[in-house]
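Working through the structure, step by step
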Amino acid sequence: MSDTGTLAGKVAVVTGGASGMGAATVRTFVGAGAVVTLVDWDEAGSQRVAAETGAAMIVGDVGDAGFCDGAVDAVVATHGCVDVLVNCAGVIHRADASGTGGDDWRRVMSVNVDGVFWMSRAAVRHMVPRGSGSIVNFGSIWGGVGAAGVVAYCASKGAVHQITRAMALDHADDGIRINAVAPGEVDTPMLASGRDAAPTAADLAQLAESTIPVRRLAEPDEIARVVLFLASDDASYMTGAIVPVDGGYTAR
Ligand SMILES: NC(=O)c1ccc[n+]([C@@H]2O[C@H](COP(=O)([O-])OP(=O)(O)OC[C@H]3O[C@@H](n4cnc5c(N)ncnc54)[C@H](O)[C@@H]3O)[C@@H](O)[C@H]2O)c1
């Protein structure tokens, strides 16, 4: 552990840490000196990231309130507190309303909305008595603007933005800062998730050229660095903010 990093000695929990931007956040936080526990339902992926980074891992479903309470309690029992929570676990269903069954809708809401709320509620119960803490949620460009063919995902990310704002107001007096990143198109396994066929390099280049002002996808690290800033004391005057990290997508 680094004792000079931005998060030196801080106890951090990162959901969705087995893949994509969650894994990038785990690497970035460990590099910044944090003591990290990743929480994910993908056991094999969690083991890979834990072995690579030295982070601890807890395997389970963030859509289960009891699991979330237990995971946060376990981190507090081991490390004495939780200083930082990053809610990164998420899923997407790519369809319009007619193609979105009840199970699809519930799955997206369960992970993206319930998961953020259950983990945040469990964390603030420990943070409030200490009078400090920081939470960073993963919203999306599609929490602020609409997109065709992803109605459940758009609804879920709009909810994440509002959980962020409402909880930031509830806990401003408790010394707890709560912010969100709103990434654009990021090169992670989610880009292929829920499609009939994985996009080719040419498909992704075309997507970037036609929709993103900087004409390229983001790398997961480029989002993780903003998460680190928001999580750390460097962002001491920020709470309730939804920070776009989108190559200019929402500047139009
Ligand atoms: N990739 C993008 O372009 C993009 C853009 C904007 C926002 N996001 C958001 O960023 C976050 C990270 O996405 P990513 O692109 O890194 O995706 P990813 O698919 O690479 O990683 C998501 C992780 O969440 C975990 N997860 C899913 N459901 C879970 C559950 N119920 N309990 C525990 N873990 C669960 C998965 O196992 C996986 O490790 C998500 O919230 C996503 O919605 C992604």
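Everything numeric here is computed off the predicted structure, so don't read it as measured data.

Right, let's get into the pairing of strand β5 (residues 133-138). Counting buried positions over the six residues of β5 gives six, a clear majority of the element. The alternating pattern of β5 places G133, I135 and N137 on one face and S134, V136 and F138 on the opposite face, and all of these are buried. Of the pairings in the sheet, the one linking strand β4 (residues 84-87) to β5 comprises four bridges and is parallel in character. Looking at β5, one finds that L85 is bridged to I135. Crossover connection from β4 via helix α4 (residues 102-130) to parallel β5: handedness right-handed.

A few words now on the site of the ligand. Residues in close proximity to the ligand total 30 residues, the closest being G16, S19, G20, G90 and T188. At the level of elements, α1 (20-31) and α4 are the ones that each hand at least two residues to the shell around the ligand. Of the residues forming the shell around the ligand, the biggest block, three residues, is contributed by α1. For the shell around the ligand, a count of residues per class yields 14 nonpolar, twelve polar and four charged.

Once that is clear, we can look at unusual backbone geometry. For R215, which is not glycine, the phi torsion reads 65° and is therefore positive. Along the polypeptide, R215 turns up in the loop between α7 (201-211) and α8 (220-231).

Before going further, it helps to examine the nonpolar core. Counting residues in hydrophobic clusters, the biggest one holds 74 residues, and the most contacted among them are A12, F29, V36 and V227. Once residues within four sequence positions are removed from consideration, A12 is found in contact with L7, F29, A34, V35, V36, D83, V84 and V86.

With 29 residues, α4 extends 41 Å from end C-alpha to end C-alpha; this agrees with the ideal 42 Å at 1.5 Å per step. In α4, a bend of some 40° at D114 exceeds every other bend along the element.

Below, the discussion takes up the environment of M109. Following the sequence through the fold, M109 ends up in helix α4. The exposure class assigned to M109 is partly exposed, which follows from the 17 C-beta atoms found within 10 Å. Along the primary structure M109 and K157 are separated by 48 residues, whereas in three dimensions their C-alpha atoms are 9.2 Å apart. Excluding residues within four positions of it along the chain, M109 makes contact with D114 and S156.

What counts, and at which threshold
Residues numbered from 1 in each chain as written. Predicted model: local features only at pLDDT ≥ 70, side-chain atom pairs only at ≥ 80, totals over all residues. Buried ≥ 20, exposed ≤ 12 C-beta atoms within 10 Å, placed from the backbone. Helix = DSSP H or I, 4+ residues; strand = E, 2+ residues; numbered from the N terminus. Pairing = 2+ DSSP bridges. Right-handed = clockwise from strand over helix to strand, strands pointing away. Near = placed C-beta within 6 Å. Nonpolar A, V, L, I, M, F, W, Y, C, P; charged D, E, K, R; others polar. Core = buried A, V, L, I, M, F, W, Y, C linked by C-beta atoms within 7 Å. Contact = placed C-beta atoms within 7 Å. Expected span 1.5 Å × (residues − 1). Bend = angle between axes of the 7 residues up to and from the residue.

In short, geometric facts, not functional conclusions.
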